[in-house]
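# What the coordinates show
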Amino acid sequence: MPKAYVFTRYGGPETEALVEVDRPRPGPGEILVAVRAAGVNPVDWKLRNGFRRPGETDAPAFPEVFGNEAAGVVAELGDGVDGFAVGDEVFGNTVAGGYAEYALLAATVTAHKPAELSFRDAATLPVAAATAYDGVRQLDRPVGATVLITGAGGGVGSAAVQIARAFGLRAVGVASEGKKDFVESLGAVHVPSGPDLAARVRAVAPDGIDGVYDLVGGEVLADAATLLTDPTKLITAGAPAPVVEKLGGSRVERARNTTVLDAVAQLVVGGRLDPHVTQTFPLDQAGEALRTVEDGHARGKIVIEVAV
C-alpha cells in the first residue's frame, strides 16, 4: 500500500504519522499523480493546528494528508478531465494532501510541467509563487512604478519580489536584518522590519510607493498603508478582509487556474523566477521538513521528494 504523511487529529507534532493508505481514486475533474515532489508551506502546519480557510464548513476526515501542492506523473484520470493523459508530467494544487506517494490534483489547477523544469521546483509553484503572481498582477502598476513587499524574505514574498521585477517594477522588500543579503539578491531594496517602518521606507523611496503587497498583517500592514496616496493599491495576503478593507485596500484575489501555473512555470524556465529550494527531505522525513518551516527559520522553499 502507498504511504502518506498525515495528522490524525488537531494538535501539534504528536498528531503526525507516516502511514499506509489506500491508493486514492480520482473523482470527476480530478487527476491522480504518482508524486515526485511536494512543497511544504506554513499553511500545512496551521491546518494541523485547526486553522480553517475562509468559507470552509466541512469537518476534516481524519487522518488528513499534509500538503497543498505537488508535482508528479499522471497515473489515472477522473471523469471529465481533458487535456491530460496517463504518463504526463504535471504540477498543481492538491485535493487531499501531497505528502504522499500518490495524490489527487484538481484538473482546473493543474498544469503540464515543462521539460526544463524539475519536479522539485515545480512542486513549489502552486501555493507561494501563484499567490505572489496573483497579488502583483492585482496591484496593476505600470512599468517603472515602485512597490513595497512586506515579508519579502519568505516563500511568497521572495517570489513576489522576483515577479514584480519581471513585470518591470522597482521592488522595496521588508524583511529581518538577517535576510538583507537574500532580499537584495532578489533585486529588491531591503528595508529592515521593526518600529518606524514607514520612515525607513520613505528614506529609500523618496519619490513614494505606488503599491503595497503585504504578507505580514498587523502593525506592518497599518504602517505600510500610510505610504500610499491611493489606498486601493494596498493588497494583503497576511490579514483578513475586514482589516484591510478598513484601510481602503483588499485581500489578494486568488485566480487558482492553470493559466497562472503556466505563467509562473515560464518565469522559472526563462530565468526570471528562482523558487530558491534550500532543503529537500525524503517522505520518511516529512516531519522534519514540516518542522523546519514551522519553526520559522527556513530561508527559501522546503520540498519533500518521493523516491521512484
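Right above here is the structure, for reference.
Residues numbered from 1 in each chain as written. Predicted model: local features only at pLDDT ≥ 70, side-chain atom pairs only at ≥ 80, totals over all residues. Heavy atoms only, no water.

### Points about the nonpolar core
A general tendency of soluble globular proteins is for nonpolar side chains to be buried together. Stated precisely, the cut-off is as follows: Here, nonpolar core refers to any group of buried Ala, Val, Leu, Ile, Met, Phe, Trp, Tyr and Cys residues whose side-chain atoms link them within 4.5 Å. Under the scheme applied here, a residue whose accessible area is under 20% of the maximum for its type counts as buried, over 50% as exposed, and between as partly exposed, the area being computed with a 1.4 Å probe on protein chains only. Secondary structure elements are taken from DSSP: a helix is a run of H or I of four residues or more, a strand is a run of E of two residues or more, and numbering for both begins at the N terminus. Contact criterion: two residues are considered in contact whenever any of their non-hydrogen atoms come within 4.5 Å of each other.
With 47 residues, the main nonpolar core has Phe-91, Leu-125, Val-136, Ile-149, Val-161, Tyr-213 and Leu-273 as its most contacted residues. Among the elements that make up this core, the one with the highest residue count is helix α3 (residues 125–139) (seven residues). When neighbours within four sequence positions are excluded, Leu-273 is seen to be in contact with Leu-125, Ala-129, Ala-159, Gln-162, Val-264, Leu-267 and Val-268. With 18 residues, the next largest nonpolar core counts Val-174, Val-201, Ala-205 and Leu-234 among its residues.

### Description of the pairing of strand β7 (residues 102–112)
As a reminder, the rule being used: Here, strands pair whenever DSSP counts at least two bridges between them.
Of the pairings in the sheet, the one linking strand β3 (residues 30–40) to β7 comprises five bridges and is antiparallel in character. Bridge pairing in β7 places Ile-31 opposite Leu-105. Note that strand β6 (residues 89–94) and β7 share four bridges and pair antiparallel. Note on β7: the bridge partner recorded for Thr-94 is Leu-105.

### Description of the pattern of salt bridges
Note the cut-off: What makes a salt bridge here is a side-chain nitrogen of Lys or Arg within 4 Å of a carboxyl oxygen of Asp or Glu, nothing more.
The tally for this structure, following the rule as stated, stands at twelve salt bridges. Across the salt bridge formed by Glu-76 and Arg-23, the nearest N and O atoms sit 3.7 Å from each other. With Glu-76 in strand β5 (residues 69–77) and Arg-23 in the loop between β2 (16–20) and β3, this residue pair connects regions lying 53 residues apart in the sequence. Residues Lys-113 and Glu-89 are paired through a salt bridge, measuring 3.2 Å at the closest nitrogen-oxygen approach. Linking Lys-113 in the loop between β7 and α2 (119–122) with Glu-89 in strand β6, this pair joins segments that are 24 residues apart in sequence. Accessibility expressed as a relative area gives 33% for Glu-89, which makes it partly exposed.

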